[in-house]
Amino acid sequence: SSKGGMIIKPNVLIAAVTHLVCDAGATMQKFASQAIKNQAKAESIKSNIKVKVEVKAEIKVKVESSQLKIEPGTQQGQSVKRKHIRPGSNRSMKRRRTDAVISSSMDIKPKSVTPEPFDALSHAPINNESITSMASWEEWSNEKPWSRTIQSIEDCCNISSTAMTECFRKQIYPRRKELLEVLQTNFASHTIMGGSRMDALMAKFPVAAPLMSVTKK
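Let me begin by describing the structure that accompanies this report. (Residues numbered from 1 in each chain as written. Predicted model: local features only at pLDDT ≥ 70, side-chain atom pairs only at ≥ 80, totals over all residues. Heavy atoms only, no water.)

Under the counting rule described, the total for this entry stands at five salt bridges. When the shortest N-O distance is used, the salt bridge between Glu-181 and Lys-177 registers 2.5 Å. Of this pair, Glu-181 and Lys-177 both sit in helix H6 (residues 176-186), four residues apart, roughly one helical turn. Residue classification places Lys-177 among the partly exposed positions, given a relative accessible area of 44%. (Salt bridge = Lys/Arg side-chain N within 4 Å of Asp/Glu carboxyl O. Helix = DSSP H or I, 4+ residues; strand = E, 2+ residues; numbered from the N terminus. Buried < 20%, exposed > 50% of the residue type's maximum accessible area, 1.4 Å probe, protein only.)

Right, dumping it as structure tokens:
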């Protein structure tokens, strides 16, 4: 292909696109690591809140139960008169305990968690609505490292040390988001390649574009 009178050899173009995909994949793996850490933190907070709700509800039920057994104003050493409880009272007591548990769970609200800078979970919508955010991040976290050095790509394609970097800088990098969106569209349906679910990997692929750099080594 050519642009502005400059002819780009096929192996140079292939190397530049390979660098684009590897760099974007490495960026997505960083996002995935952050997303999974945030998910674990959120689940831990949710678990702690549940325990606090249960403890508070249990304490409240015990307090109410003790109040039913001791008459107001009764002092230590005085005889305690037993109240006559009608058959329907047991059901009322159970209902009050249930109401106490529900009330307690409504009173306690989770504390807000300050998001980390550039949170991948809140970045850009997914085109394929059948794939959840976490499914995509989990798929990325299970991948082997996608990062490759420029030198290793140049050696593999048997090209000069400057040809690929020039092609990437001038032709590929300015269009990186557009090219990543093309890959995303081509893997919109359920596709397995090399044991990887490509539609899950590509579902959020374009979000890597803003964090990619033209100066990577």
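Text resumes after the structure shown.
The next point concerns the environment of Asn-11. Within the element layout of this structure, Asn-11 appears in helix H1 (residues 10-69). Exposure remark for Asn-11: the relative accessible area of 29% places this residue in the partly exposed category.

A word on the packing of aromatic side chains. The geometry of an aromatic ring pair is captured by two quantities: the separation of the ring centres and the angle between the planes. In the structure shown here, the tally under the stated rule is five aromatic pairs. Between Phe-31 and Trp-137, the aromatic rings sit 6.1 Å apart at their centres with planes inclined by 80°, giving edge-to-face as the arrangement. Of this pair, Phe-31 sits in helix H1 while Trp-137 sits in helix H3 (residues 133-141), placing them 106 residues apart in sequence. A relative accessible area of 0% places Trp-137 in the buried class. (Phe/Tyr/Trp six-rings, centres within 6.5 Å; stacked < 30°, edge-to-face > 60°.)

Bringing the nonpolar core into the picture now. Grouped together as the largest cluster of nonpolar side chains are 33 residues, with contacts concentrated most on Met-28, Trp-137, Trp-140, Met-164, Leu-180, Met-202 and Phe-205. Counting only elements with at least two residues in this core, the list comes to H1, H3, helix H4 (150-157), helix H5 (163-172) and helix H7 (198-202). The element best represented in this core is H1, accounting for nine residues. (Core = buried A, V, L, I, M, F, W, Y, C linked by side-chain atoms within 4.5 Å.)

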